[in-house]
Amino acid sequence: MVLELRYKSTDGDLSGDPAADSLQQQIDTTHILSLLHLAAMASVSAIVQTEEGAQTQQANFWSMMPVDFVLIFLTPNQRLDDILGMMDLLCTSVLSASVGPLEMGKGPETVAYMIIEKLTCNLLDLPRAASTPRLIHTVGSGVLRTLTAFTQSQFGALQVANHDNAIPRLVTTLSGLVDELYDASDPVVTDSPAGSGGNRAAAHPPAGDLGADKADDADDADDADDADDDLVGLHRLIKQIVLLLHRLVADPATADAANIQSKLAMAYGGPQRYILSLSRIHFAEEDLVYEAGIDEETAELARELCEFVVTPDEGEGVREAFGV
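Now for a quick tour of the structure. Think of each chain on its own: its residues are numbered from 1, step by step along the sequence as written. With the structure being a predicted model, the display of local features is reserved for residues of pLDDT at least 70 and the display and counting of side-chain atom pairs for 80 or more, all residues being used for whole-chain, interface and lining totals. The side-chain values count all of the structure's non-hydrogen atoms but skip hydrogen atoms and water molecules.

1. A closer look at the pattern of salt bridges
Logical step 1: What makes a salt bridge here is a side-chain nitrogen of Lys or Arg within 4 Å of a carboxyl oxygen of Asp or Glu, nothing more. The final tally for this structure, using the stated rule, is twelve salt bridges.
Logical step 2: With its nearest N and O atoms 3.6 Å apart, the salt bridge here joins arginine 128 to aspartate 125.
Logical step 3: Partly exposed residues are those whose accessible area sits between 20% and 50% of the maximum for their type, while under 20% is buried and over 50% is exposed, using a 1.4 Å probe and protein chains only. Since its relative accessible area comes to 45%, arginine 128 is described here as partly exposed.
Logical step 4: The exposure class assigned to aspartate 125 is partly exposed, which follows from its relative accessible area of 40%.

Below is the structure:
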């Protein structure tokens, strides 16, 4: 009931409704999720002997989990810890022929589609509580972690690859992240400790530059840090998306389902965003400050992804555009 009240509210804040606020004070949804996560983890390791051999209790656990219960936790008005908690919980749901709940009357493909749809919505329709770059990247990383968990099974990988909106949303998110990377405020470059050699780029300015009243005030420093560009989280999320896209597009088992050309055509500016974003990643120079977190492997995977949609002549034009 608390979840539904938040879902129907304007921004998830129930403090203006005394009755609803009192109810949410009594029902700790975050604690409930943590208990469910413990039970889910136990179901993964609990082995029972059946006629078909040794099996875990995952299917039993997820057969008791309603689909609507999972979906409402992934809506923007829920608490951020609850949204992330449900993403973590879903990581334990991967079975050979299903991801997410096992509900009577709903086929596993239908359930998977609904879960992936609501999950990937969080990449673009951000949770209301994700108000800083660090929190936004944390949400994105949670989505990518869950999708990557799904791809550990052939069934899950095919569901993600075949989904109408998953790949277009990943590409749109990647495009925004690359733009964000080059729009970030100037990182502070400081001398590295003796013996380490060279300089290092600090992902966040000193506490004083962030406007904290006292550099040694941990709370103020944390708040200021959250408001910063979060280059570390940005680099990590870019890498996660490139790795997942490569898994879906390059793997022969999922390439046909991914159908990258068709999927890109479904999104506004999809092909252009795809080529430009991946090209900027591929031609990024590791010794520069902004690109320092984009490793060689990610750059190489970006190049391979580009080759799936770019002809040799177009590829030559891209190289010329980047002065290579």
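What follows picks up the thread again.
2. Considerations on the environment of methionine 41
Logical step 1: In this structure, methionine 41 sits in helix H3 (residues 29–45).
Logical step 2: The spatial distance from the C-alpha of methionine 41 to the C-alpha of glutamine 57 is 9.7 Å, given a sequence separation of 16 residues. Starting at the N terminus, helices and strands are each numbered in turn, a helix being any DSSP run of H or I of at least four residues and a strand any DSSP run of E of at least two.

3. Focus: helix H12 (residues 231–250)
Logical step 1: Expected helix span is computed as 1.5 Å times (number of residues minus one). Helix length check: H12 (20 residues) gives 28 Å between terminal C-alpha atoms against 28 Å at 1.5 Å per residue, within 8%.
Logical step 2: Where burial is concerned, most of H12 is hidden: 14 out of the 20 residues are buried.

4. Observations concerning the pairing of strand E1 (residues 47–50)
Logical step 1: Summarising the sheet, E1 and strand E2 (residues 53–56) pair through four bridges and their orientation is antiparallel. Looking across to E2, one finds that glutamine 49 is bridged to alanine 54.
Logical step 2: A loop of two residues connects E1 with E2, the two strands running antiparallel in sequence. A pair of strands is treated as paired once DSSP finds two or more bridges between them.

5. Observations regarding the packing of aromatic side chains
How two aromatic rings sit relative to each other is given by the distance of their centres and the angle of their planes.
Logical step 1: Here a pair means two rings of Phe, Tyr or Trp (six-membered ring of Trp) with centres within 6.5 Å. Their orientation is stacked below 30 degrees between planes, edge-to-face above 60, and tilted elsewhere. For the structure on display, the rule yields two aromatic pairs.
Logical step 2: Aromatic pair phenylalanine 61 and tryptophan 62: ring centres 5.4 Å apart, planes at 80°, arrangement edge-to-face.
Logical step 3: Taking relative accessible area as the criterion, phenylalanine 61 reaches 10% and is therefore assigned buried.
Logical step 4: When the ring of phenylalanine 69 is compared with that of phenylalanine 73, the centres are 5.0 Å apart and the planes differ by 80°; the resulting orientation is edge-to-face. One end of the pair is phenylalanine 69 and the other is phenylalanine 73, both in helix H5 (residues 67–73) and four residues apart, which spans about a single turn.
Logical step 5: Take phenylalanine 69: its relative accessible area is 24%, and that puts it in the partly exposed class.
Logical step 6: On the accessibility criterion, phenylalanine 73 (1% relative accessible area) is buried.

6. What to know about the nonpolar core
Logical step 1: Residues Leu147, Phe150 and Leu174 are the most contacted members of the largest nonpolar core, which totals 69 residues.
Logical step 2: Among the elements that make up this core, the one with the highest residue count is H12 (ten residues).
Logical step 3: Ignoring any residue separated from it by four or fewer positions in sequence, one finds leucine 174 in contact with Ile238, Ile241, Val242, Leu245, Ser277, Leu278 and Ile281. Here, nonpolar core refers to any group of buried Ala, Val, Leu, Ile, Met, Phe, Trp, Tyr and Cys residues whose side-chain atoms link them within 4.5 Å. Contacts are assigned to residue pairs with any non-hydrogen atoms lying within 4.5 Å of each other.

On their own, these measurements won't tell you what the molecule is for.
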